[in-house]
Amino acid sequence: MAHRALTVDRILPTDEARDLLELATELADRELAPKVVAHEQRAEFPREVLRTLGRAGLLGLPYPEEYGGAAQPYEVYLQVLEILAGRWLTVAEAVSVHTLSCYPVAAFGTEEQRKLLPDMIGGEMLGAYCLSEPQGGSDAAALTTKAVRDGDAYVVSGTKAWITHAQVADFYNIFCRTGGPGARGISCLLADRATPGIHPQAAERTMGLRSSPVAQVAFDEARVPADRLIGGEGNGFTIAMSALDSGRLGIAACAVGLAQAALDYAVDYARQRRQFGRSIIDFQGLGFTLADLATQISAARALTLAAARLRDAGRPYSVEAAKAKLFATDMAMRVTTDAVQVLGGAGYVADHPVERYMREAKVLQIVEGTNQIQRLVISRALAKD
């Protein structure tokens, strides 16, 4: 069954934004859709696809033009992510993680450090964001990876876990302890892949996103130049949390795109599949299910873009980002599960992509802060005066 084009009515702020979404759709159809099945089966990361997106300007959409970006509103960037996720979630998540990895330098870096941005957001350099650890995922303030100043360098020791792009990254944002316990003792270092003492481990065998290289990264007295300290000592936790607010919106957009793809496929199947002399979409039990899924997707899209508009306006958006991430990823899990059910037995086999969509949706409830953490963020905001 052919994947039909996503049909979503979009209100865009400029003609340039409309052109960018048309470019994203064209590249997604030409560069992503034909490759996804083979790459997922081989667990092969599509590095060249990321370079293509970078050269097309799609990796630097929210960043300033002076650094090679497109200076687009986050609202536009998230809609590009949604389009990419509808064709291949691995690539959309890679774009989201890479954009997150560029954020510390773009927002907190020195002018000298920002000279790296053109290659970063141009796709020639791929980034990794090293925050989580084997014994501490949600409790980021308790991380134990250490960085000790030694002359003109920091010596980094420790292990990071669940790092997207671990083996293929060209640079790593390392959140490490340079001071005492708690959030105030954390700093952020930018390390090159070639730094001696940085050892990516074997890739994890994941339920979904099998072409995405996720692994631990071990730091064995890796010497990172002191001029690669971002934002000064003790500001790493602030940088990490600020970046995650943006990253949560990226994951929400990925969830919307994945869910839309699942719905589109289920609708096509339900139109073509006939039982008792009728297309199964004409039975209310199934038609109403699809109607509910479509409504949930629209609601998640609206919530995500509303949070993005707050960000674009320079207003506080952390809580709204948490709401968007929570709702959109829980929604994607429901939609993909129901899409499998619509196909029945056919939905459980790899001949149809909905079984992959369902496996992929699960990770979105976990990355960039589990949905339990999102509920904690929201409930704490409600408890404040």
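Given the structure is predicted, the values throughout are model-derived calculations rather than measurements. Within each chain, residue numbers correspond to sequence positions counted from 1 in written order. Only residues with pLDDT of at least 70 get local features here, since the model is predicted, and only at 80 or more are side-chain atom pairs given and counted; chain-wide, interface and lining totals rely on the full set of residues. With hydrogens and water stripped out, all remaining heavy atoms of the structure feed into the side-chain values.

1. Description of the overall build of the protein
The line we're drawing: Helical segments are the DSSP runs of H or I of at least four residues, strand segments are the runs of E of at least two, and each set is numbered from the N terminus. Exposure categories follow from relative accessible area, calculated using a 1.4 Å probe and restricted to protein chains: below 20% of the type maximum is buried, above 50% is exposed, and the middle band is partly exposed. Contacts were defined at the residue level, with two residues in contact if any of their heavy atoms lie within 4.5 Å. Here the accessible surface of atoms and residues is derived via Shrake-Rupley with a 1.4 Å probe, and residues count as covered only by protein chains that are part of the display. For this count, His and the chain ends are skipped, Lys and Arg are scored as positive, and Asp and Glu as negative. Here the site of a charge means atom NZ of a Lys, CZ of an Arg, CG of an Asp or CD of a Glu.
A count of helical and extended segments in the protein gives 11 helices and 10 strands. Its C-alpha atoms give the protein principal-axis dimensions of about 80 × 50 × 40 Å. Taken across its 385 residues, the protein has 54% of its residues classed as buried. Taking contacts inside the protein between residues at least 6 apart in sequence as the whole, the part at least 24 apart equals 76%. Summing over all exposed atoms, the protein offers an accessible surface of approximately 16600 Å²; the carbon and sulfur share of this is 52%. Measuring between centres, the 40 positive side-chain charges of the protein sit 5 Å from its 45 negative side-chain charges.

2. Here we look at the pattern of salt bridges
Heads up, the condition is: Salt bridge, as applied in this entry: a Lys or Arg side-chain nitrogen positioned within 4 Å of an Asp or Glu carboxyl oxygen.
Scanning the entire structure with this criterion turns up 23 salt bridges. Aspartate 170 serves as the salt-bridge partner of arginine 47, at 3.5 Å between the closest nitrogen and oxygen. Remark: aspartate 170 occurs in the loop between β3 (153-164) and β4 (171-177) and arginine 47 occurs in helix α3 (residues 47-55); sequence separation between them is 123 residues. Relative accessible area serves as the criterion here: at 13%, arginine 47 is assigned to the buried category.

3. Comments concerning empty space enclosed by the protein
Rules: In this analysis, the protein atoms alone were mapped onto a 1 Å grid. Cavities are point sets where a 1.4 Å probe fits without being able to get out; pockets are open sets with protein on both sides within 12 Å along at least five of seven lines; lining residues have an atom within 4 Å of a point. Grid points are joined across faces, edges and corners, and a volume is the space filled by probe spheres set on the points.
Under the definition given, this model contains 2 cavities of 30 Å³ or more. Considering only enclosed or pocket space, the largest cavity measures out at about 70 Å³ in volume. If you go around the largest cavity, the residues you meet are Pro62, Tyr63, Tyr74, Tyr77, Ser96, Thr99, Leu100, Tyr103, Ala243, Ser246, Gly247 and Arg311. Those elements that provide at least two residues to the lining of the largest cavity are α4 (74-87), α5 (89-108) and α7 (236-272).

4. So, the packing of aromatic side chains
This is how the line gets drawn: Pairing of aromatic rings covers Phe, Tyr and Trp, the last through its six-membered ring, and needs centres within 6.5 Å; plane angles under 30 degrees mean stacked, over 60 mean edge-to-face, and all others mean tilted. In this scheme, Lys NZ or Arg CZ marks a charge over a ring once it lies within 6 Å of the ring centre and within 35 degrees of the ring normal.
Here the structure, examined in full by the defined rule, presents 4 aromatic pairs. A centroid spacing of 6.1 Å and a plane angle of 70 degrees characterise the contact between tyrosine 103 and phenylalanine 108, whose relative ring orientation is edge-to-face. The residue whose ring lies beneath arginine 149 is tyrosine 154, and the NZ or CZ to ring-centre distance is 5.4 Å. If you follow arginine 278 out to its NZ or CZ, it ends over the ring of phenylalanine 283, 4.4 Å from the centre.

5. A short note on unusual backbone geometry
Notably, histidine 165 is not glycine yet its phi reads approximately 75 degrees, a positive angle. With respect to the helices and strands, histidine 165 occurs in the loop between β3 and β4. Looking at histidine 165, the relative accessible area reads 0%, which means it is buried. The phi torsion at glutamate 368 lies on the positive side, around 55 degrees, for a residue other than glycine. Position of glutamate 368 among the secondary structure elements: in the loop between α10 (354-364) and α11 (371-383). Residue glutamate 368 is classed as buried on the basis of its relative accessible area of 12%.

6. Here's the deal with the UniProt feature "domain: Acyl-CoA dehydrogenase/oxidase C-terminal" (unreviewed entry) in the protein
Going by this rule: UniProt positions are given in the numbering used here, feature names are shortened, and annotations may be inferred rather than shown by experiment.
Annotation from UniProt places "domain: Acyl-CoA dehydrogenase/oxidase C-terminal" (unreviewed entry) at residues 234-382. The span residues 234-382 shows a helical share of 77% and a strand share of 3%, and its end C-alpha atoms are spaced 29 Å apart.

7. Topic: the environment of glycine 185
Locating glycine 185 in the fold gives a position in the loop between β4 and β5 (186-192). Sequence-wise, glycine 185 and phenylalanine 108 are 77 residues apart; in three dimensions their C-alpha atoms are separated by 17 Å. With residues near it in sequence (within four places) discarded, glycine 185 still touches Cys176, Arg177, Thr178, Gly179 and Gly180.

8. Notes on the nonpolar core
Quick note on the threshold: For this analysis, a nonpolar core means a set of buried residues of the types Ala, Val, Leu, Ile, Met, Phe, Trp, Tyr and Cys, connected via side-chain atoms within 4.5 Å.
In terms of nonpolar packing, the biggest core is built from 77 residues, with Leu53, Leu78, Val95 and Leu290 touching the most fellow members. Of all elements in the fold, only α1 (15-32), α3, α4, α5, α7, α8 (284-312), α9 (318-343) and α10 reach the threshold of two or more residues within this core. When residues of this core are assigned to their parent elements, the largest contribution, 17 residues, is made by α7. Valine 95 has contacts with Leu50, Leu53, Leu58, Leu59, Tyr77, Leu81 and Leu84, leaving out every residue within four places of it along the chain. In this structure, Leu100, Val105, Ala140 and Phe171 belong to the second largest nonpolar core, which totals 25 residues.

9. So, the UniProt feature "domain: Acyl-CoA oxidase/dehydrogenase middle" (unreviewed entry) in the protein
The UniProt record annotates "domain: Acyl-CoA oxidase/dehydrogenase middle" (unreviewed entry) at residues 128-221. Helix makes up 0% of residues 128-221 and strand makes up 48%, while its end C-alpha atoms are separated by 19 Å.

10. Details of the layout of surface pockets
Taken as a whole, the largest pocket encloses approximately 1300 Å³ of empty space. What lines the largest pocket is a set of 45 residues, among which Ile366, Val367, Glu368, Gly369 and Thr370 lie closest to the centre. Counting only elements with at least two residues in the lining of the largest pocket, the list comes to α5, β3, α7, α9, α10 and α11. Counting residues per element, the lining of the largest pocket draws most heavily on α7, which supplies 6 residues.

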